[in-house]
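These are the residues of each chain, in order.
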Amino acid sequence: MERSSNNSGKISEIDSILYQAEKLRERSFYAQSINLFKKALQGYKKLKNIDGIFHSTISLGDTYRMVGKFGLSEKSYRDAIQSGRRMKDFIKIADARIGLGLSLRAQGKWKKALQLICESKKIYLKNNDRHGLAFSLWAEAGALRIKGDIRSSIEIFKKSLNIYKNLKDTQGTGYCLCGLGGASRVAGLFKVSLTYYLKANQVFTSLRDTFGKAYSFCGIGNAYRMLKDYTNAFSNFSKASTLYKKIGDKVSYAYTIWGLSTAYKMTGDYRKACYYLMEAMRLFKKTKDSRGIIYCKLGLGEIALLKGNISAATKHLLSAENESEKNNFSVENCHATVLISCIRKDAPPSPSFSKGWPGGFSGKIDNTCYNRLGLKLRFQELPLNIP
């Protein structure tokens, strides 16, 4: 009895550590929460408390993913899956598989991510788990956006949003609004995108969700960029950058400064555009984000083209085209195709290339691939305001 009482006291103490870690993560203090999750995990392992081990490992997976440590994230999720199997708890296995899918999705591995996410969705449907279903739909929609199936992405984000609203899950609602904002932007629906992101920002502000606010500020910045309101774009990128740096999120910060770079490119400040592109490239390489790297190569190639450096432009753009084909990124491959079309020497020049542009390329843009993808993007001349 005494030994049982001692174990109960120890579990209670470790449960308290896990609770503190979860509260820190909710406040976006990721580094501190990781330390406590690891401490809790070791405690549960000593007591062979399988439920505690599962909760610690899946939480570590979630938190490592937020800061771009995808190798550690994947290991944690796989450990959580094993714990779920030992417990014969199919919902826990599904939760961990979704996490693993999100980690793979963040690295551009959308095919495997979709497989894992859809496997989990079937389990949630079978068990009538509405929260799980909403989460799996949100994850699936994000993976489809990376694939380049934007129409399906928007449709599934809306399904997830409706479930979250019915469940009165405010945070889930906020993330769906952000997802819809991003997918709508890529679709070419810029005003719609801005509306979604502004609503999301209101949600996250009311929740005091630091990551959510940063996420929505970045989206608002990109929406204003697409609407050519660069003053508001720069202002919101600055807000997002400050918050991302504060919480140590390298993944989302990299996409923020990519957006910032694109805004500088559109306003003709190629020096700053290149500076932020190289910084984003460094972070994307560190997190092994193949899609992010492609966006940086597209930016560097286009700036080289704008400067008349055809050799450098060709090198970057062909590399972006090859990598997007290899990873089956439809939208990014289309951007590369459009930019490469400018280098064709046999096409008549566009109006913008008659103003003292260097010879050797036409500037005529073939943008037909956007129609095939169902996107309302109609770029006519450089620079391209890539969404």
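Bear in mind that the values here come from a model prediction, so they are computed numbers and not experimental data.

Draft legend 1. Representation of the overall build of the protein in the model. Regarding its fold elements, the protein presents 18 helices and zero strands. Structurally, the protein occupies a C-alpha span of about 90 × 40 × 35 Å along its principal axes. Every one of the 387 residues in the protein was classed for burial, and the buried ones make up 56%. By sequence separation, contacts in the protein at least 24 residues apart represent 56% of the contacts at least 6 residues apart. Carbon and sulfur atoms form 51% of the exposed surface of the protein, whose accessible area is close to 17800 Å². Taken together, the 64 basic and 31 acidic charged side chains of the protein have centroids lying 2 Å from each other.

Draft legend 2. A look at the state of the cysteines. The tally for this structure, following the rule as stated, stands at one disulfide. Bridging Cys 334 to Cys 369, the disulfide has an S-S length of 1.9 Å. The disulfide joining Cys 334 to Cys 369 has a torsion of about 85 degrees about its S-S bond and is therefore right-handed. A residue pair is termed long-range when its members are at least 10 positions apart, and Cys 334 in helix α17 (residues 330-341) and Cys 369 in helix α18 (residues 368-372) qualify at 35 residues. Both residues of the pair, Cys 334 and Cys 369, belong to the buried class.

Draft legend 3. Region of interest: the packing of helix α8 (residues 150-166) against helix α9 (residues 170-187). In the contact formed by α8 and α9, the axes pass within 9 Å of each other and the chain directions differ by 160 degrees. Here α8 is positioned roughly antiparallel relative to α9, judged by the angle of their axes. Crossing geometry of α8 relative to α9 is assigned as left-handed. Where α8 approaches α9, its residues Ile 150, Ser 153, Ile 154, Phe 157, Lys 158, Ser 160, Leu 161, Tyr 164 and Lys 165 are matched on the opposing element by Gly 172, Thr 173, Cys 176, Leu 177, Gly 179, Leu 180, Ala 183, Ser 184, Val 186 and Ala 187. When the residues that make up the contact of α8 with α9 are grouped by side-chain class, the tally is 11 nonpolar, six polar and two charged.

Draft legend 4. Fine view of the packing of aromatic side chains. For the structure on display, the rule yields 13 aromatic pairs. Taking 4.7 Å as the distance between ring centres and 40 degrees as the angle between the ring planes, the aromatic pair formed by Phe 234 and Tyr 264 counts as tilted. Linking Phe 234 in helix α12 (residues 230-247) with Tyr 264 in helix α13 (residues 250-266), this pair joins segments that are 30 residues apart in sequence. Residue Phe 234 is classed as partly exposed on the basis of its relative accessible area, which comes to 23%. Joined through ring pairs, the aromatic side chains of Phe 135, Trp 138, Tyr 175, Phe 204, Phe 211, Tyr 215 and Tyr 244 make up one cluster. Residue placement shows Arg 105 over the ring face of Trp 138; its charged tip is 5.2 Å from the ring centre.

Draft legend 5. Structural view of the pattern of salt bridges. Summed over all chains, the structure comprises 14 salt bridges. Residues Asp 89 and Lys 92 are paired through a salt bridge, measuring 3.3 Å at the closest nitrogen-oxygen approach. Residue class for Asp 89 comes out partly exposed when judged on its relative accessible area of 22%. It is possible to trace a salt-bridge network through shared partners that takes in Arg 25, Asp 62 and Arg 65.

Draft legend 6. Expanded view of the packing of helix α11 (residues 210-226) against α12. Two elements in contact, α11 and α12, have axes separated by 7 Å at closest approach and are oriented at 155 degrees. One element, α11, and the other, α12, form an angle in the roughly antiparallel class. Where α11 crosses over α12, the two elements pack in a sense that is left-handed. Facing α11, whose interface residues are Thr 210, Phe 211, Lys 213, Ala 214, Tyr 215, Phe 217, Cys 218, Ile 220, Gly 221, Asn 222, Tyr 224 and Arg 225, α12 presents Tyr 230, Asn 232, Ala 233, Asn 236, Phe 237, Lys 239, Ala 240, Leu 243, Tyr 244 and Ile 247.

Draft legend 7. Up close: the nonpolar core. Grouped together as the largest cluster of nonpolar side chains are 127 residues, with contacts concentrated most on Ile 150, Tyr 244, Leu 298, Leu 382 and Leu 384. A per-element tally of this core places helix α15 (residues 290-306) first, with 10 residues.

Draft legend 8. A look at empty space enclosed by the protein. Throughout the structure, instances matching the rule amount to one cavity of 30 Å³ or more. Counted as a void, the largest cavity has a volume near 60 Å³. In this structure, the largest cavity is lined by Trp 258, Ser 261, Thr 262, Lys 265, Leu 277, Tyr 295, Leu 298, Gly 299, Ile 303 and Ile 386. Broken down by class, the residue content of the lining of the largest cavity amounts to six nonpolar, three polar and one charged.

Draft legend 9. Summary view of unusual backbone geometry. The omega torsion across Leu 382 and Pro 383 is -5 degrees, close enough to zero to call that bond cis. Along the chain, Pro 383 falls in the segment after α18. In this structure, Lys 88 is a non-glycine residue whose phi angle is positive, near 55 degrees. With respect to the helices and strands, the residue Lys 88 is situated in the loop between α4 (70-87) and α5 (90-106). Residues other than glycine seldom take positive phi values, yet Lys 288 does so here, at roughly 60 degrees. Its relative accessible area of 61% is what places Lys 288 among the exposed residues.

So, how was this worked out
- Residues numbered from 1 in each chain as written.
- Predicted model: local features only at pLDDT ≥ 70, side-chain atom pairs only at ≥ 80, totals over all residues.
- Heavy atoms only, no water.
- Helix = DSSP H or I, 4+ residues; strand = E, 2+ residues; numbered from the N terminus.
- Buried < 20%, exposed > 50% of the residue type's maximum accessible area, 1.4 Å probe, protein only.
- Contact = heavy atoms within 4.5 Å.
- Areas by Shrake-Rupley, 256 points an atom, 1.4 Å probe, with all protein chains shown as cover.
- Lys, Arg positive; Asp, Glu negative; His and termini not counted.
- Charge placed at Lys NZ, Arg CZ, Asp CG, Glu CD.
- Disulfide = S-S within 2.5 Å.
- Axes fitted to C-alpha atoms, helices over the stretch in contact; angles between N-to-C directions.
- Parallel < 35°, antiparallel > 145°, perpendicular 65-115°, else oblique.
- Left-handed = near helix turned anticlockwise from the far one by under 90°.
- Nonpolar A, V, L, I, M, F, W, Y, C, P; charged D, E, K, R; others polar.
- Phe/Tyr/Trp six-rings, centres within 6.5 Å; stacked < 30°, edge-to-face > 60°.
- Lys NZ or Arg CZ within 6 Å of the ring centre and 35° of its normal.
- Salt bridge = Lys/Arg side-chain N within 4 Å of Asp/Glu carboxyl O.
- Core = buried A, V, L, I, M, F, W, Y, C linked by side-chain atoms within 4.5 Å.
- 1 Å grid on protein atoms, 1.4 Å probe; cavity = no way out; pocket = protein on both sides within 12 Å on 5 of 7 lines; lining within 4 Å.
- Points joined across faces, edges and corners; volume = space filled by probe spheres on them.

Geometric descriptors of this kind do not, in isolation, establish any biological role.
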